[in-house]
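# Working through the structure, step by step
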Amino acid sequence: MTSTGIRRTVAAIGVSALALTACGGGDGDTASGKTRITVNCMPPKSARTDRAFFEEDVAAFEKQNPDIDVVPHDAFPCQDPKTFDAKLAGGQMEDVFYTYFTDARHVVDIGQAADLTPYVKELKSYGTLQKQLRDIYTVDGKVYGVPRTGYSMGLIYSKALFEKAGLDPDRPPTTWPEVRSAAKKIAGLGDGTVGYADYSAQNQGGWHFTAELYSQGGEVVDAGGEKATVDTPEGRAVLRTLHDMRWTDESMGSKQLLVINDVQQLMGSGKLGMYLAAPDNIPILVKEKGADYEDIAIAPMPGGRATLVGGDGYMISKKASPAQIRAGLKWLDHMFLTPGDGFLGDYARARKHDAPVGLPEPRLFTGAADARDQQVKKANANVPVENYQPFLDGNRALDMKIEPPHAQQLYSVLDGVVSAVLTRRDADIDRLLKDASGKIDGILARG
C-alpha cells in the first residue's frame, strides 16, 4: 500500500476521487509524425494547483521534445487496486503507467511490462537512483520499471498533547512499552482524548499489523515467500500490546474499525496523541484536518528493529513501441527524476504556492544528485524540520523492509485478526494467528 494513497504534492492541496479513463498501447505514431504516449497519475481538476504544475511540466517537456506528444490521464488514486488488473488484462493501461512497489513483480509475471533493459542507459537519472529502489523493478536481471518516490513508516504524535500529559515532546517513545505508557497518560487527559489509534478495516489493519510485526523483528512470510510466519512470539506480542492498550488501559478509545481518514480526523481535531504513518500524512493533517505544522511531529517506528517501506514508480506497457519506450523514459526524467526540479522536485515552486517543503522523505537519489536535491529542498523548507529530526536520526538504525508478496490478500486476512482483538475483549490471540496462518499459507500456495 501507499502511505496515504495520494502523492506528496497532491496531499498538500486535497483531492477528490475521479473515474479512471485510459487507452494504452499501439504504435504511438500520430498524423504529424510525432511519437504519442499516454501517461497516468495526472492530478485531477479538483487539485487545481497540482494540476497546473503537471500541465506546466508536460508543456515544457513537449517544447523541449517537439517530436513527442504526451497525453496525460488524470486519476485519484493513481492506482485503484479494484481496477488495476482488469485494465492490464483488457489492454486499457496507459503506455507509461503508475505502480506501487508491491505490483512490480506481478505485472512482470503476467507479461504486461516492457523490458526496459536495452533502453535504460538512455534514462539519464537511472544511475543516480538508490540501488535498493531500482532493484524493486528488476526481475531476473532485467529492468521493468523506474522508482519515483518512497516512504517509510514512523510514529506521528501531537507535541501539545505530550506536553499536556506531562511527557517530553522532544523525547518520543522508542519502544512499544513506552508507547503504551504514553498512550495511557494521554488518554488520562479525558474529554474524549485517545492515546493511540490504529486501523482495522479495508486491508489497512493488516498493513499496520505488518508494520508493527516488522518493528518487533518478525516477518509475515518466510524468506522464500512460501509459508506464513505470523503465528510467532512477535506476532503475539503485536496483538497483546494492542489488546492491552484497548481493553486494560482503555487508551485507544471505544470506537474501532477505523481507517486512515478516521484517524487523521482524530489527530487533526487535537483528540489523538499518536498513530503510525509516513511523513506524507503531515500536510493532510494540516491542510485538510485542522492541525498545525508546529504541533505535529514524527518519530521512528517503535521497537528499534525495522520499519515498513513502500513507494511507487512507473512501468511501460508491453505493447509500447521502441520509440514510445524512449519517449516514456525521457518523460520520466523530466517530470520526476531531475534533482531539485520537475513535478515533485521543484521546491521553489512548491513553496511559492504554499505546498510543504522539508518533510522527511526517504532519499531517492545518491551522490551529487542527492546533494543537489537536498540543497534545494533545504533552501526552500517551509515546515518545522526540527519536528522530524528524531525520525531521521532513528531511521538510520532500522532495517527497511518492503511489503510482503500478495500484500493486499494477506492484509485482508490480517484485518480480521486486528479487528477481532480491538472489538472483542475475549479474543483468542493464539487461535486468531493460527487461523490466519493457514489462510495465508493457502494464498501463498496458489501463487
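Everything in this summary refers to the structure shown in the same document.

Each helix and strand counted, the chain has 17 helices and twelve strands in total. Taking 2.2 N^0.38 as the reference for a compact globule, 447 residues should give roughly 22 Å; the C-alpha atoms of the chain span a radius of gyration of 22 Å, in line with that estimate. Each principal axis of the C-alpha distribution contributes one length, and for the chain these read about 70 × 50 × 40 Å. Residues classed as buried in the chain amount to 58% of the 447 residues present. Summarising the internal contacts of the chain: among those between residues at least 6 apart in sequence, 78% fall at separations of at least 24. Total accessible area on the chain is roughly 18100 Å²; 48% of this is exposed by carbon and sulfur atoms.

Glancing now at the layout of surface pockets. Each pocket or cavity is described by its volume, and for the largest pocket that value is around 1100 Å³. Around the largest pocket, the lining comprises 36 residues; the ones closest to its centre are Thr 102, Pro 404, Pro 405, His 406 and Ala 407. Among the elements of the structure, helix 2 (81–89), helix 3 (104–109), strand 4 (138–139), strand 12 (399–402) and helix 16 (407–423) are those that each provide at least two residues to the lining of the largest pocket.

A large share of strand 9 (residues 272–277) lies buried, amounting to six of its six residues. For strand 7 (residues 154–158) and strand 9, the ladder comprises four bridges, and the chain directions are antiparallel. Across the sheet, the residue bridging to Ile 156 is Tyr 275, located in strand 9.

This part is about the sheet that holds strand 8 (residues 194–196). The strand order 8-9-7-10 describes an open sheet built from four strands, whose pairing is mixed. A strand with exactly one partner marks an edge of an open sheet, and here the two such strands are strand 8 and strand 10 (296–300). Neighbouring strand axes in the sheet, compared pairwise and without regard to direction, differ in orientation by 25° on average. Relative to strand 9, strand 8 runs parallel, the two sharing two bridges. Paired with Tyr 196 across the strands is Met 274, a residue of strand 9. Those strands touched by helix 9 (residues 260–268) are strand 7, strand 8, strand 9 and strand 10, and its axis lies near 140° from that of strand 9.

All right, on to the environment of Phe 336 then. Looking at where Phe 336 falls in the secondary structure, it is placed in helix 11 (residues 322–336). A sequence separation of 188 residues divides Phe 336 from Arg 148, and the C-alpha atoms of the two residues are 6.5 Å apart. Excluding residues that lie within four positions of it along the chain, Phe 336 makes contacts with Phe 54, Arg 148, Tyr 314, Trp 331, Phe 343, Leu 344, Leu 364 and Phe 365.

In summary, soluble globular proteins display a tendency toward joint burial of nonpolar side chains. Ile 156, Tyr 196, Phe 209, Leu 242, Met 274, Tyr 275 and Ile 440 are the most contacted members of the largest nonpolar core, which has 77 residues in total. A total of ten residues in this core trace back to one element, the largest contributor, which is helix 16. Beyond its immediate stretch of four places on either side in the chain, Tyr 275 contacts Gly 154, Leu 155, Ile 156, Tyr 196, Ala 197, Tyr 199, Val 263, Gln 264, Met 267, Asn 281 and Leu 285. The next biggest cluster of nonpolar side chains, apart from the first, holds 54 residues, and it includes Val 39, Tyr 126, Ile 316 and Phe 343.

On to the packing of aromatic side chains. For the coordinates displayed, the defined rule picks out twelve aromatic pairs. Relative to Phe 336, the ring of Trp 331 lies with its centre 5.5 Å away and its plane at 90°, an arrangement referred to as edge-to-face. Overall, the relative accessible area of 0% leaves Trp 331 in the buried class. Phe 336 gets classed as buried once you look at its relative accessible area, which sits at 4%. Pairing Phe 336 with Phe 343 gives two aromatic rings, centres 6.3 Å apart and planes at 80°, and the pair type is edge-to-face. Like Phe 343, Phe 336 is buried. Within the aromatic cluster, the residues linked to one another by ring pairs are Phe 54, Tyr 98, Tyr 100, Tyr 314, Trp 331, Phe 336 and Phe 343. Seen from the ring of Phe 336, Arg 148 lies directly overhead, with NZ or CZ sitting 4.8 Å from the centre.

On to the pairing of strand 1 (residues 35–42). Among the eight residues of strand 1, seven are classified as buried, and the element is accordingly described as predominantly covered. Examined bridge by bridge, strand 1 and strand 2 (residues 68–74) share six bridges and lie parallel to one another. Counted as the bridge partner of Ile 37 is Val 70 from strand 2.

Bringing the pattern of salt bridges into the picture now. Evaluation of the coordinates by the stated rule reveals 22 salt bridges. The shortest N-O distance in the salt bridge between Lys 271 and Asp 191 comes to 2.8 Å. One end of the pair, Lys 271, is in the loop between helix 9 and strand 9; the other, Asp 191, is in the loop between helix 6 (176–187) and strand 8, with 80 residues separating them in the sequence. According to the relative accessible area criterion, Lys 271 is partly exposed, its value standing at 25%. For Asp 191, a relative accessible area of 66% gives the class exposed. Asp 435 is the partner of Arg 431 in a salt bridge, and the nearest nitrogen-oxygen pair spans 3.5 Å. Within this pair, Arg 431 and its partner Asp 435 are both found in helix 17 (residues 429–446), separated by four residues, close to a single helical turn. Classification of Asp 435 by relative accessible area gives partly exposed; the value is 36%. Each of Glu 56, Asp 57, Asp 346 and Arg 349 takes part in a single network of salt bridges with overlapping partners.

About the thresholds
- Residues numbered from 1 in each chain as written.
- Predicted model: local features only at pLDDT ≥ 70, side-chain atom pairs only at ≥ 80, totals over all residues.
- Heavy atoms only, no water.
- Helix = DSSP H or I, 4+ residues; strand = E, 2+ residues; numbered from the N terminus.
- Rg over C-alpha atoms; globule rule 2.2 N^0.38 Å.
- Buried < 20%, exposed > 50% of the residue type's maximum accessible area, 1.4 Å probe, protein only.
- Contact = heavy atoms within 4.5 Å.
- Areas by Shrake-Rupley, 256 points an atom, 1.4 Å probe, with all protein chains shown as cover.
- 1 Å grid on protein atoms, 1.4 Å probe; cavity = no way out; pocket = protein on both sides within 12 Å on 5 of 7 lines; lining within 4 Å.
- Points joined across faces, edges and corners; volume = space filled by probe spheres on them.
- Pairing = 2+ DSSP bridges.
- Axes fitted to C-alpha atoms, helices over the stretch in contact; angles between N-to-C directions.
- Core = buried A, V, L, I, M, F, W, Y, C linked by side-chain atoms within 4.5 Å.
- Phe/Tyr/Trp six-rings, centres within 6.5 Å; stacked < 30°, edge-to-face > 60°.
- Lys NZ or Arg CZ within 6 Å of the ring centre and 35° of its normal.
- Salt bridge = Lys/Arg side-chain N within 4 Å of Asp/Glu carboxyl O.

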